[in-house]
Amino acid sequence: MLRSRSFWVLLASSVLLASCAQPTRLPPTESTVTRPARPPEIRGADIYRVVAQQSRLHILVYRGGRLARLGHNHVVSSPDFAGRVWLHPQFDRSGFELSIPVQTLIVDDPKARAAHGEEFPPDVPQKDVEGTRKNMLRAEVLDAETYPEISLRSARLDGSRSSPTLIAQVTIKGVTREMSIPIALSLQ
């Protein structure tokens, strides 16, 4: 059953996109690369289409590396993403899949930064915002030209609707890795 209720997703992750530090390329290894998830079994679930104009997607990027002291944390957001969420009566059979176009990512939108507290102060110079975005899109980091999309897909969901624990498969530059992602979920 496809529902058109607005769906709000807040995705907060300490994914390092090599924002202010020099990018580090880790070669894929058997222990970090996983196979894409099999298609979800969603029979009996309520399915919600993610509507980007009524949703928020924020990726919290924390400074790291040798030059961390010179940089600042970032909020990367997307105004243009698509996907679906399915909520099953057996909560562990619920999940989501999202597709995020890399070229439309926004770095350090003032409203997005304000929503995440003191670790993301509002006074980021525009030249730093532009430099971070340019760095993020280049071939050594996200390679937006060759890999125009980032995908996220739930691999395992535990806990309850009010306190979910999520392991997601994140595919960036054609490499899929599993990671734990804190989520907050509400239906309106």
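See above for the structure.
Throughout what follows, the structure given in this document is the object of discussion. All values reported here derive from a predicted model rather than from experimental measurement.

### Some words on the overall build of the chain
Now for step 1: In terms of helices and strands, the chain carries 2 helices and 12 strands.
Now for step 2: Reading the chain from its N end, one meets helices and strands in the order β-β-β-β-β-β-β-β-α-α-β-β-β-β.
Now for step 3: Buried positions account for 40% of the 188 residues belonging to the chain.
Now for step 4: Surface summary for the chain: the accessible area is close to 10900 Å², and the carbon and sulfur share equals 52%.

### Focus on the nonpolar core
Now for step 1: In this structure, Leu105 and Leu152 are the most contacted members of the largest nonpolar core, which totals 31 residues.
Now for step 2: Residue assignment for this core shows that the elements contributing at least two residues are strand E3 (46–50), strand E4 (58–61), strand E6 (82–87), strand E7 (95–101), helix H2 (126–137), strand E9 (149–159) and strand E10 (164–172).
Now for step 3: Not counting the four nearest positions on each side in its chain, leucine 105 is found in contact with Val76, Ser77, Ser78, Ile100, Arg133, Met136, Leu142 and Ile150.

### What to know about the pairing of E10
Now for step 1: The pairing of E9 with E10 spans 8 bridges and is classified as antiparallel. Counted as the bridge partner of serine 151 is threonine 171 from E10.
Now for step 2: With antiparallel pairing between neighbouring strands as the criterion, E9 and E10 make up a hairpin whose turn holds 4 residues.
Now for step 3: In this structure, E10 lies alongside strand E11 (residues 175–181), joined through 7 bridges in antiparallel fashion. Residue glutamine 169 lies in a different strand from E11, and its bridge partner there is glutamate 178.
Now for step 4: The antiparallel pairing of E10 with E11 creates a hairpin that spans 2 residues between the two strands, and lysine 173 there sits at a positive phi of about 55°.

### So, unusual backbone geometry
Now for step 1: Within the chain, aspartate 108 stands out as a residue other than glycine whose phi angle is a positive 55°.
Now for step 2: With a relative accessible area of 5%, aspartate 108 lands in the buried category.

### Side note on H2
Now for step 1: Taking 1.5 Å of rise per residue, the 12 residues of H2 would be expected to cover 16 Å, and the 17 Å separating its terminal C-alpha atoms lies within 8% of that figure.
Now for step 2: Considering only its buried residues, H2 is in contact with strand E5 (74–77) and strand E8 (106–107).

What counts and how
One numbering rule holds for all chains: residues counted from 1, following each sequence as written. Residue-level local features of this predicted model are given only where pLDDT is at least 70; pairs of side-chain atoms are given and counted only at 80 or more, and the full residue set underlies all totals for whole chains, interfaces and linings. As a rule here, side-chain values come from all non-hydrogen atoms in the structure, and water together with hydrogens is ignored. The secondary structure listing takes helices from DSSP runs of H or I that are at least 4 residues long and strands from runs of E that are at least 2 residues long, numbered from the N terminus. When a residue's accessible area, from a 1.4 Å probe over protein chains only, is under 20% of the maximum for its type it is buried; when over 50% it is exposed; and in between it is partly exposed. Computed with a 1.4 Å probe, the accessible areas rest on the Shrake-Rupley method; for each residue, only the protein chains presented here act as cover. The criterion is simple. A nonpolar core is a set of buried Ala, Val, Leu, Ile, Met, Phe, Trp, Tyr and Cys residues joined through side-chain atoms within 4.5 Å. We call two residues in contact when some of their heavy atoms are within 4.5 Å. Each pair of strands is called paired provided DSSP finds at least two bridges between the two strands. Working rule for helices: expected span equals 1.5 Å times residues minus one.

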